[in-house]
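So the chains spell out like this:
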Amino acid sequence: MTDSYGDNPPLSYNKYLRVADLIGLQDCLSDPKHHDELLFITIHQAYELWFKQILHEIDAAIVMMNDDRLAAAARTMRRVVEIEKLLVTQIHILETMTPINFLGFRDQLNPASGFQSMQFREIEFASGLKHEQLLHEFRADELAHTRLRKRFMEASLSDAFFAALRKRGLDAPLDEERAKGYDQRTRAVLELLTHFEERYEEFQLAEALLEHDEYFSLWRSHHVKMVERMVGTKRGTGGSEGVGYLRTTLDKKFFPELWEARTYLDTKHGASGCPFAKG
Ligand code: HEM
C-alpha cells in the first residue's frame, strides 16, 4: 500500500454504507433503456429495504412482549407505523409515471410481480395473518420458502400480544374459539378500551398494533388504486386477475379482535366495569 494510511484507510461514508454496491444494483431490462424503469426498480428496492427494517422491529417487539416490556414494544411498533406512513405516500412518486411510459417496459417484467415479495408475506405472517396457500405459492423459491415456513411456525405479533395480556391477568386464550360473534380475546380488548387509564401500557400497545394494521391496509388500498390508474383491469404480470384480485385483499386484518371490540363497545362498559371482562 502506498498511501499514508497503510492497510487501514479510515472509514468513509461510501465505504460504511457500501454505496458503490448499492447504486450498482439497479439492472434495467429495457433495451434501449426506458427512462422510467430506473424509478420502477428504485421504488421497489426502497420498499424491500423498509420491509427489512419493519421485520427487524417486529421481531424486537415480539421479544419485548415476551419479556413483559409493553411500553417498549409499543414504542417499537410506533416506529413501524411511521415507516408505513412513508410507504403509503411513496406510491405517489410512482404515480408520476404515465401509463403509456409504464407500458413501454411492462412486458419485460413478465412473470415477475409484487405478489412474489417474500418480505411482504413475512410481514403478514409475522403480524398474525398466515395463509398456508400463500406459503405454498413460494415452493419454487427456496430462500423465500425457508424464511416463510419459519415465520409460519413462529409466534406472531398477535400471539405475543395476547400472551402478554394473559400475563397481565386478562383472559385471552391462545386458540381463537369464536362464539356468538366475538370471543374471549375480543373481550380482553374491550377491557383495555373501557379501562384504558388503569391499563395504559396494554392500551398503548393495542393502539400501536391497530395502527400497524390500519396503515398496512391503507397501503393495500392505495396500491390497488394506483394499479387501476396505471393498467386499468388488465391481468397482472404475476398472472392474477389484477385489480379484481387485489380488491379481494382489502379486508385482510392482522388483529381482527382489535377491530371487532369496537363493535361491542358502549359507554356502559366504563365506570361500572366491563360486563364481558370475566367471560
Ligand atoms: C406500476 C406499478 C405497479 C403495478 C402496475 C402493480 C400491479 C400489481 C398487480 C396487478 C398485482 C396482483 C398480482 C399480479 O397478478 O401481478 C400486484 C400485487 C402486488 N404488488 Fe404491485 N404493482 C405496482 C407497484 C408495486 C409496488 C411499488 C410495490 C411495492 C412493494 C408492489 C407490491 C405488490 C405486492 C406486495 C403485491 C401482492 C399483494 C397481495 O397479494 O396482497 N407493487 N401488483
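Use the structure listed above.
None of these values were measured; they are calculated from a predicted model. (Residues numbered from 1 in each chain as written. Predicted model: local features only at pLDDT ≥ 70, side-chain atom pairs only at ≥ 80, totals over all residues. Heavy atoms only, no water.)

## Topic: the pattern of salt bridges
Evaluation of the coordinates by the stated rule reveals 19 salt bridges. Residue Asp68 is joined to Arg168 by a salt bridge in which the shortest nitrogen-to-oxygen separation is 2.9 Å. One end of the pair, Asp68, is in the loop between α3 (37-66) and α4 (70-94); the other, Arg168, is in the loop between α9 (157-167) and α10 (184-194), with 100 residues separating them in the sequence. Overall, the relative accessible area of 33% leaves Asp68 in the partly exposed class. With relative accessibility at 22%, the residue Arg168 sits in the partly exposed group. One connected set of salt bridges, linked through shared partners, spans Asp68, Arg168, Arg199, Glu201 and Glu202. (Salt bridge = Lys/Arg side-chain N within 4 Å of Asp/Glu carboxyl O. Helix = DSSP H or I, 4+ residues; strand = E, 2+ residues; numbered from the N terminus. Buried < 20%, exposed > 50% of the residue type's maximum accessible area, 1.4 Å probe, protein only.)

## Let's talk about the coordination of the iron atom of the ligand
From the protein, the iron atom of the ligand takes a single donor atom, His223 (NE2), 2.2 Å away. Relative to the helices and strands, His223 resides in helix α11 (residues 200-231). (Donors = N, O, S within 2.8 Å, 3.2 Å for Na, K, Ca; no water.)

## Some words on a nonpolar patch on the surface
On the surface, Leu11, Tyr13, Tyr16 and Leu17 cluster together to form a nonpolar patch covering roughly 520 Å² of accessible area. Its place among the elements puts Leu17 in the loop between α1 (13-16) and α2 (19-22). (Patch = residues over 30% accessible without salt bridge, like charges linked within 9 Å, V, L, I, M, F, W, Y side chains within 5 Å. Areas by Shrake-Rupley, 256 points an atom, 1.4 Å probe, with all protein chains shown as cover.)

## A word on unusual backbone geometry
A cis amide bond links Asp31 to the next residue, Pro32, at an omega of 0°. Inspection of the secondary structure assignment puts Pro32 in the loop between α2 and α3. The omega angle of the peptide bond from Asn110 to Pro111 is -5°, so this bond is cis rather than trans. As for its position among the elements, Pro111 is in the loop between α5 (99-106) and α6 (118-127).

## Here's the deal with the site of the ligand
The environment of the ligand is made up of 27 residues, and the closest members are Ser113, Arg121, His223, Ser240 and Tyr245. Measuring from an oxygen atom of the ligand, one finds a side-chain N or O atom of Ser113 at 2.7 Å. For the ligand, an oxygen atom lies 2.6 Å from a polar atom in the side chain of Arg121. Mapped by element, the contributors of at least two residues to the shell around the ligand are α3, α6, α11 and α12 (243-247). Per element, the largest residue contribution to the shell around the ligand is six residues, and it comes from α11. Among the residues making up the shell around the ligand, the classes are represented as 14 nonpolar, eleven polar and two charged. (Near = heavy atom within 4 Å. Polar contact = N/O pair within 3.5 Å; in protein donor to acceptor, adjacent residues only side chain to side chain. Nonpolar A, V, L, I, M, F, W, Y, C, P; charged D, E, K, R; others polar.)

## Examining the packing of aromatic side chains
For the structure shown, the criterion picks out 14 aromatic pairs. Between Phe125 and Phe152 the ring centres are 5.7 Å apart and the planes differ by 65°, which places this aromatic pair in the edge-to-face class. Separated by 27 residues along the polypeptide, Phe125 in helix α6 and Phe152 in helix α8 (residues 142-153) bring together distant segments of the chain. By relative accessible area, Phe125 is classed as buried at 0%. Measuring from ring centre to ring centre gives 5.0 Å for Phe161 and Phe162, while their planes differ by 70°; the resulting arrangement is edge-to-face. Residue Phe161 shares its accessibility class with Phe162, and that shared class is buried. Here the aromatic residues Tyr47, Phe51, Phe120, Phe216, Trp219, Phe254 and Phe255 are joined through ring pairs into a cluster of three or more. Its end group placed over the ring of Phe115, Arg121 keeps NZ or CZ at 4.9 Å from the ring centre. Directly above the aromatic system of Trp259 lies the positively charged group of Lys253, at a separation of 6.0 Å from the ring centroid. (Phe/Tyr/Trp six-rings, centres within 6.5 Å; stacked < 30°, edge-to-face > 60°. Lys NZ or Arg CZ within 6 Å of the ring centre and 35° of its normal.)

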